[in-house]
Amino acid sequence: MTHLSKAETIRVFKRHVGRTPFNYILDYRLERSINLLIGTRSTITEITLECGFSSVSYFIEKFKEVFHMTPRKYR
């Protein structure tokens, strides 16, 4: 069994995937939110929780950083 430190594990992940585990998960959650925005009538709050974000304001902030518009406008 190999023992890697947390920092080394993150470096290996980033080397192979091209981004940190945190950014990978964030991108996954944002992509999932797009599917829910387009494919459901769920509220922004419901989508926020369904995608694993801790608050609506954080979800909107990150969504705007990536897609340059709010989730409501995207919808």
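For clarity, every value in this text was computed on a predicted model and none was experimentally measured.

1. Considerations on the overall build of the chain
So, point 1. The number of helices and strands found in the chain is five helices and zero strands.
So, point 2. Its helices and strands taken in sequence order, the chain reads α-α-α-α-α from the N to the C terminus.
So, point 3. Taking 2.2 N^0.38 as the reference for a compact globule, 75 residues should give roughly 11 Å; the C-alpha atoms of the chain span a radius of gyration of 15 Å, well beyond that estimate.
So, point 4. Over its C-alpha atoms, taken along the principal directions, the chain stretches across nearly 45 × 25 × 20 Å.
So, point 5. Per-residue burial over the chain gives 21% buried out of 75 residues.
So, point 6. Nonlocal contacts in the chain, meaning residues at least 24 apart in sequence, comprise 42% of its contacts between residues at least 6 apart.
So, point 7. Carbon and sulfur atoms make up 55% of the accessible area of the chain, which totals about 5,600 Å².
So, point 8. Averaged over its 13 positive side-chain charges, the chain has a centre that lies 2 Å from the centre of its 7 negative ones.

2. Observations concerning the pattern of salt bridges
So, point 1. Tallying each qualifying case throughout the model produces four salt bridges.
So, point 2. With its nearest N and O atoms 2.9 Å apart, the salt bridge here joins Arg-11 to Glu-8. Taken together, the residues span about one helical turn, with Arg-11 and Glu-8 both in helix H1 (residues 6-17) at a distance of three residues.
So, point 3. By relative accessible area, Glu-8 is classed as partly exposed at 25%.

3. Concerning the side chain of Thr-48
So, point 1. As for its position among the elements, Thr-48 is in helix H3 (residues 44-50).
So, point 2. Among the residues examined, Thr-48 registers a relative accessible area of 1% and is labelled buried.
So, point 3. One polar contact links the side chain of Thr-48 to the main-chain carbonyl oxygen of Ile-44, over a distance of 2.8 Å.
So, point 4. Filtering out sequence-adjacent residues up to four positions away, Thr-48 remains in contact with Phe-53, Ser-55, Val-56 and Phe-59.

4. A closer look at helix H4 (residues 56-67)
Since the α-helix advances by 3.6 residues per turn, residues separated by three or four positions end up pointing in the same direction.
So, point 1. With twelve residues, H4 ought to run about 16 Å at 1.5 Å a step, and its terminal C-alpha atoms sit 16 Å apart, in line with that.
So, point 2. Of all the positions in H4, only Phe-59, Lys-62, Phe-63 and Phe-67 are classed as buried. The buried residues of H4 occupy one face: seen down the axis, they fall within an arc of 110°.
So, point 3. Phi turns positive one or two residues past the end of H4, at His-68, with a value near 60°.

Conventions and cut-offs
Residues numbered from 1 in each chain as written. Predicted model: local features only at pLDDT ≥ 70, side-chain atom pairs only at ≥ 80, totals over all residues. Heavy atoms only, no water. Helix = DSSP H or I, 4+ residues; strand = E, 2+ residues; numbered from the N terminus. Rg over C-alpha atoms; globule rule 2.2 N^0.38 Å. Buried < 20%, exposed > 50% of the residue type's maximum accessible area, 1.4 Å probe, protein only. Contact = heavy atoms within 4.5 Å. Areas by Shrake-Rupley, 256 points an atom, 1.4 Å probe, with all protein chains shown as cover. Lys, Arg positive; Asp, Glu negative; His and termini not counted. Charge placed at Lys NZ, Arg CZ, Asp CG, Glu CD. Salt bridge = Lys/Arg side-chain N within 4 Å of Asp/Glu carboxyl O. Polar contact = N/O pair within 3.5 Å; in protein donor to acceptor, adjacent residues only side chain to side chain. Expected span 1.5 Å × (residues − 1). Arc of directions from axis to C-beta.

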